[in-house]
Structures are given as structure tokens and as C-alpha cells.
Amino acid sequence: MSIGSSLAEARRSAGLTVAQLSERTRIREALIHAIERDDFSQCGGDFYARGHVRNIAKVVGLDPETMVHEYDELHGGVPLPVRAASVFQADTPIKIRESRSPNWTTAMAVALAIVVVFAVVKTMGGGEETPTADVRPVVPSPSMPAEAPTRKPASLSAGKASNPVVLQIRAKRSSWLDVKDMSGKKLFSGTLEAGKTSVWRAEKGMKVIFSDGGAVSLQLNGKDLGTPGRRGQVLNRSYGAPTPAPR
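Quantities reported herein were computed from a predicted structural model and do not represent experimental measurements.

### Considerations on the pairing of strand 1 (residues 165-171)
Among the seven residues of strand 1, six are classified as buried, and the element is accordingly described as predominantly covered. Bridge count for strand 1 against strand 4 (residues 197-202) is six bridges, and the pairing is antiparallel. Pairing of Ile169 across the sheet is with Ser198, part of strand 4. Pairing analysis gives five bridges linking strand 1 to strand 6 (residues 216-220), with the strands arranged antiparallel.

What follows is the structure in C-alpha cells.
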């Protein structure tokens with residue numbers, strides 16, 4: 001009997017249908033029918049055919065090794081083992097580059113250059129603080145007259161004399177002030193300490209906010225104005241440029 005006939009006879013003797021055999025072996029029914037007709041062309045090669053023969057023989061009660069040996073006898077014997085070197089041999093030799101140690105001389109030179117550049121930037125003023133204006137009150141002495149304008153505004157045409165406003169404020173006790181010129185530019189904002197005197201000037205006049213009208217005394221262009229208000233009174237005053245006397 002052929003291999004296919006032996007497997008078919010053993011299946012029938014075991015009381016199995018092709019569908020039941022397919023379920024147990026996980027082999028397609030069409031492939032089992034072909035094997036039982038000794039048609040192994042659908043197995044995909046001798047390797048898979050031997051596996052199917054062994055699996056079916058085990059389920060139907062035949063000796064798997066005997067059936068596989070019979071298959072090899074009928075199909076040219078057991079295939080020779082294949083060397084792994086012949087399977088995985090590359091057609092083109094692969095060149096492996098040798099690893100080189102890092103060039104420490106170049107790395108140190110780059111690091112040193114970075115440090116030098118950073119030091120130069122730091123020295124040229126990268127870390128310096130931006131200077132801020134320091135407003136200090138001016139304390140007049142008996143020999144020093146009230147401040148007079150030292151320059152003429154550029155907006156005045158030639159031949160016209162400027163009449164700036166010079167405001168002197170003396171604090172009898174500590175008081176908060178806010179001084180701006182007529183354009184809104186801040187000249188001073190802060191606390192004038194007790195006993196201190198400050199002088200400001202502006203071409204077109206200035207606006208002053210007093211937190212305590214009775215805490216200070218004023219002089220406008222050398223003229224004594226006295227105290228602008230009562231003790232604790234908040235005031236908002238404007239002092240304009242003096243009108244030139246007619247000739």
C-alpha cells in the first residue's frame with residue numbers, strides 16, 4: 001500500500017472523518033484528501049510534507065517515524081543537512097570600521113575656546129548692572145542763592161529769554177511728594193525726609209502732589225510761599241512759569 005492509502009485506511013479504521021482529522025491535526029481538509037491520494041504537491045515541499053505525514057500518522061494510530069521513513073524512501077531519501085554558513089554567507093563582504101578613541105586634544109581645545117569667549121563677554125560688561133539715577137535733595141547754604149536756570153530750552157527761538165520755574169521745597173517733617181513737569185515727566189516721587197530741602201526746575205512749570213500740606217514750606221523762583229495747606233491735607237498744585245515783566 002502507498003503512504004496515502006495507508007493513512008486513509010488507518011483513518012477509517014479509527015472511525016474518523018476527514019473533517020474530524022482536520023480539526024485534530026489543524027491540516028486543511030483539501031490537503032488531507034490530496035495526501036491520501038499520494039499527492040504531496042500542495043504541501044509546499046518535502047519538509048512540510050514529512051511534518052503532515054508524521055502528524056496524521058500519530059492521530060490515526062500509525063508509527064509516525066515509520067511513515068516518514070517510507071516517505072523519504074519514496075522521495076529520494078533524507079535531505080542532507082544544510083550548513084548555516086552557506087545559508088547566511090553574505091554576497092558582499094561587510095567591512096567593520098574599527099572604533100577609534102576620541103581625540104581628546106581637539107575636545108580640550110574647543111572647551112578652552114568656549115571658556116575664553118565666555119570670559120571676554122563677561123569682562124566686556126555682560127554681568128554689569130544698569131546704573132540708575134540717584135535723586136538727592138539739594139540743601140542750600142547761606143552763600144548759595146536759589147538755583148537759576150543753567151541752559152535755555154531748545155524749543156525757544158533765538159532772542160527770547162526763558163523763564164523756568166524753580167521750586168524749592170523744605171520738609172518740616174517727613175512727607176511724601178510727587179513732582180512732574182507740565183508734559184507729565186516725573187521729576188521726583190518719594191518721601192522727603194524731615195529737615196531736607198530739594199529744588200526742582202522746569203521750563204513751563206510743574207505739578208506737585210502733597211500728601212501733607214502742612215509738612216512743607218515752599219519757595220517759587222526765590223519767593224517765599226509758605227505752607228501750601230493744613231496739616232494732613234492732601235493737595236494737588238500746579239506752578240506755572242512766571243510772566244515776564246513789561247518793558
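### Focus on the packing of helix 1 (residues 3-13) against helix 4 (residues 46-60)
Running from N to C, helix 1 and helix 4 point in directions that differ by 30°, and their axes come no closer than 9 Å. Accordingly, the angle class assigned to the pair helix 1 and helix 4 is roughly parallel. For the pair helix 1 and helix 4, the sense of crossing is left-handed. Together, Ile3, Leu7, Ala10 and Arg11 of helix 1 and Val53, Ile56, Ala57 and Val60 of helix 4 make up the contact between the two elements.

Rules used throughout
Residues numbered from 1 in each chain as written. Predicted model: local features only at pLDDT ≥ 70, side-chain atom pairs only at ≥ 80, totals over all residues. Heavy atoms only, no water. Buried < 20%, exposed > 50% of the residue type's maximum accessible area, 1.4 Å probe, protein only. Helix = DSSP H or I, 4+ residues; strand = E, 2+ residues; numbered from the N terminus. Pairing = 2+ DSSP bridges. Axes fitted to C-alpha atoms, helices over the stretch in contact; angles between N-to-C directions. Parallel < 35°, antiparallel > 145°, perpendicular 65-115°, else oblique. Left-handed = near helix turned anticlockwise from the far one by under 90°. Contact = heavy atoms within 4.5 Å.

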